[in-house]
Amino acid sequence: MNPFIQQIIVATVKHRLKKKNKQITDRKLLSEVQILKVNITHIFRDTVFVLIGIVSAGFGLKGFLLPNSFIDGGAMGISLLISETTNVSLSLLIVVINFPFIILGFSQIGKQFAFKSILAIIGLALIVHFIPYPLITSDKLLIAVFGGFFLGAGIGMAIRGGAVIDGTEVLAIYLSKKTGLTIGDVILIFNIIIFSFGAYILSIEVALYAMLTYIAAAKTVDFVIEGVEEYTGITIISDKSDKIRLMITEKLGRGVTIYSGKGGFGTKGHNLKQIDILYTVVTRLEIARLRTEIDIIDSDSFIIMNSIKDTKGGMIKKRRLEK
């Protein structure tokens, strides 16, 4: 890290400790500096992901979909449909339509996620309103495929940054907990309703191309976030497993399963080191925050992620811990 930035971080940590009237020891200072470094690194990375996401989504909208009166699925599809039929500014509709989903995300996922998503959605609205993207093509097939591709890439990059620019997923996660439907089923039903309105209000042809746009966007989202499904199973191997366990259960409000294991580097005649292996399941919108918290505790921990189609029971839904 740049020496100048390092000095700023150290000075910031000392100021915080003095403000809290805490004794400044070398060990405490080193620990707090490391935590601040990790937080700054992750904030920078997430910001880059979100910025790339909103620029890409803006390009898909203004370079392909909007000039040719195309629509998509999800909250973005609702915004595009209303904009096409009422001439209300799309930038305003993007914020208004997504706002209820972000409020829901605040209660279901967390304050940090909601804050990031609000900034990302406002950023997308500003880009759509102010940046003059060029019209790329008028070919309907290319519009549907590449408009969906760039929009999906934007949504996927925003998710990798711990935010959303289309709130449909938040609603799907919520409804899947209340009903017997999977998240994929909820999104499908939601989009069938949107496309039906599109066929009635605009034309059947527009609705069919909208389905193609949605498929292209959905596949791109899965590709950008490395094929992560609705839930992700995470195995964590670390010498500081107890601290990580407490962080997951108390800070994130998630359940953890603990396996007893041994390190595999011992040779014949040497005792293998006993270690606790943690396993937890989170939604893909929470992965960015979980990795940040794990890096704060142990940046050398070994993390394995597996895609999970669906779950039942356990502490997937966020809940308050009773004291």
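A quick note: this is a predicted structure, and the numbers were derived from the prediction, not measured. (Residues numbered from 1 in each chain as written. Predicted model: local features only at pLDDT ≥ 70, side-chain atom pairs only at ≥ 80, totals over all residues. Heavy atoms only, no water.)

(A) Structural context of the overall build of the protein. The number of helices and strands found in the protein is eleven helices and four strands. Here the contacts in the protein between residues at least 6 apart in sequence split such that 75% fall between residues at least 24 apart. Summed over its atoms, the accessible surface of the protein is roughly 17,600 Å², and 62% of this surface lies on carbon and sulfur atoms. (Helix = DSSP H or I, 4+ residues; strand = E, 2+ residues; numbered from the N terminus. Contact = heavy atoms within 4.5 Å. Areas by Shrake-Rupley, 256 points an atom, 1.4 Å probe, with all protein chains shown as cover.)

(B) Local environment of the side chain of Ser117. Mapped onto the elements of the fold, Ser117 is located in helix α5 (residues 111-130). Classification of Ser117 by relative accessible area gives buried; the value is 0%. Those residues in contact with Ser117 that sit more than four places away from it in its chain are Ile102, Ala163 and Val164. (Buried < 20%, exposed > 50% of the residue type's maximum accessible area, 1.4 Å probe, protein only.)

(C) Spotlight on the environment of Ser176. Among the secondary structure elements, Ser176 is positioned in helix α7 (residues 168-178). On the basis of relative accessibility, which here comes to 12%, the residue Ser176 falls in the buried class. Through-space distance from the C-alpha of Ser176 to that of Val186 is 7.1 Å; in sequence the pair is ten residues apart.

(D) Region of interest: the packing of aromatic side chains. All told, the structure shown has eight aromatic pairs when counted by the stated rule. Between Phe59 and Tyr133, the ring centres sit 5.8 Å apart and the planes meet at 50 degrees, which makes this aromatic pair tilted. Placement of Phe59 in helix α2 (residues 26-65) and of Tyr133 in the loop between α5 and α6 (140-160) is noted, with a sequence separation of 74 residues between them. For Phe59, a relative accessible area of 19% corresponds to the buried category. Among the residues examined, Tyr133 registers a relative accessible area of 17% and is labelled buried. Clustering of aromatic rings is evident, with ring pairs tying together Phe59, Phe64, Tyr133, Phe149 and Phe150. (Phe/Tyr/Trp six-rings, centres within 6.5 Å; stacked < 30°, edge-to-face > 60°.)

(E) Quick peek at a nonpolar patch on the surface. A cluster of nonpolar side chains, Leu181, Ile189, Ile193, Phe197, Tyr200, Ile201 and Leu202, forms an exposed patch at the surface whose accessible area comes to about 690 Å². As for its placement among the helices and strands, Phe197 is situated in helix α8 (residues 183-201). Judged by relative accessible area, Phe197 falls into the partly exposed class, the value being 47%. (Patch = residues over 30% accessible without salt bridge, like charges linked within 9 Å, V, L, I, M, F, W, Y side chains within 5 Å. Salt bridge = Lys/Arg side-chain N within 4 Å of Asp/Glu carboxyl O.)

(F) The arrangement of the packing of α2 against α5 in detail. Interaxial distance between α2 and α5 falls to 9 Å at its minimum, and their mutual angle equals 40 degrees. For the crossing formed where α2 meets α5, the hand is right-handed. Residues Asp46, Val50, Ile54, Val55, Ala57, Gly58, Leu61 and Lys62 of α2 lie in contact with α5, whose contacting residues are Lys116, Ala120, Gly123, Leu124, Ile127, Val128 and His129. Residue composition of the contact of α2 with α5, grouped by class: nine nonpolar, three polar and three charged. (Axes fitted to C-alpha atoms, helices over the stretch in contact; angles between N-to-C directions. Left-handed = near helix turned anticlockwise from the far one by under 90°. Nonpolar A, V, L, I, M, F, W, Y, C, P; charged D, E, K, R; others polar.)

(G) The sheet that holds strand β4 (residues 302-308), seen in detail. Spatial strand order, β2-β3-β1-β4: four strands in an open sheet with antiparallel pairing. The open sheet has two free edges, formed respectively by β2 (257-262) and β4, since each of these has just one partner strand. Taking the axes of each pair of neighbouring strands and ignoring which way they run, one obtains an average angle of 25 degrees across the sheet. Where β2 and strand β3 (residues 274-283) come together, six bridges link them in antiparallel fashion. Pairing of Ser260 across the sheet is with Asp276, part of β3. (Pairing = 2+ DSSP bridges.)

(H) How the structure looks around helix α4 (residues 90-108). Over its 19 residues, α4 runs 27 Å from end to end, which matches the ideal 27 Å to within 8%, given 1.5 Å per residue. The sharpest bend along α4 comes to roughly 40 degrees, located at Phe99, with the proline Pro100 sitting one to four residues further on. All of the buried residues along α4 are Leu90, Ser91, Leu93, Ile94, Ile97, Asn98, Phe101, Ile102, Leu104, Gly105 and Gln108. Gly110 sits one or two positions beyond α4 and adopts a positive phi of about 150 degrees. (Expected span 1.5 Å × (residues − 1). Bend = angle between axes of the 7 residues up to and from the residue.)

(I) Local environment of the nonpolar core. Ranked by internal contacts, the top residues of the largest apolar core, which has 48 residues, are Leu61, Ile94, Leu124, Ile165 and Leu285. When residues of this core are traced back to their parent elements, those giving at least two are α2, α3 (74-86), α4, α5, α6, α7, α8 and α9 (204-224). Not counting residues within four places of it along the chain, the set of residues in contact with Leu61 comprises Leu66, Pro67, Met76, Leu80, Ile94, Val128 and Leu151. Ile236, Leu252, Leu278 and Ile287 belong to the second-largest nonpolar core, a separate cluster that totals twelve residues. (Core = buried A, V, L, I, M, F, W, Y, C linked by side-chain atoms within 4.5 Å.)

(J) The environment of Phe197, seen in detail. The spatial distance from the C-alpha of Phe197 to the C-alpha of Leu81 is 8.5 Å, given a sequence separation of 116 residues. Not counting residues within four places of it along the chain, the set of residues in contact with Phe197 comprises Leu81 and Leu202.

(K) Seen up close, the side chain of Thr213. Residue placement: Thr213 occurs in helix α9. Thr213 gets classed as buried once you look at its relative accessible area, which sits at 0%. Once you skip the residues sitting within four places of it in the chain, Thr213 turns out to touch Leu65, Phe70, Ile71, Asp72, Ala144 and Gly148.

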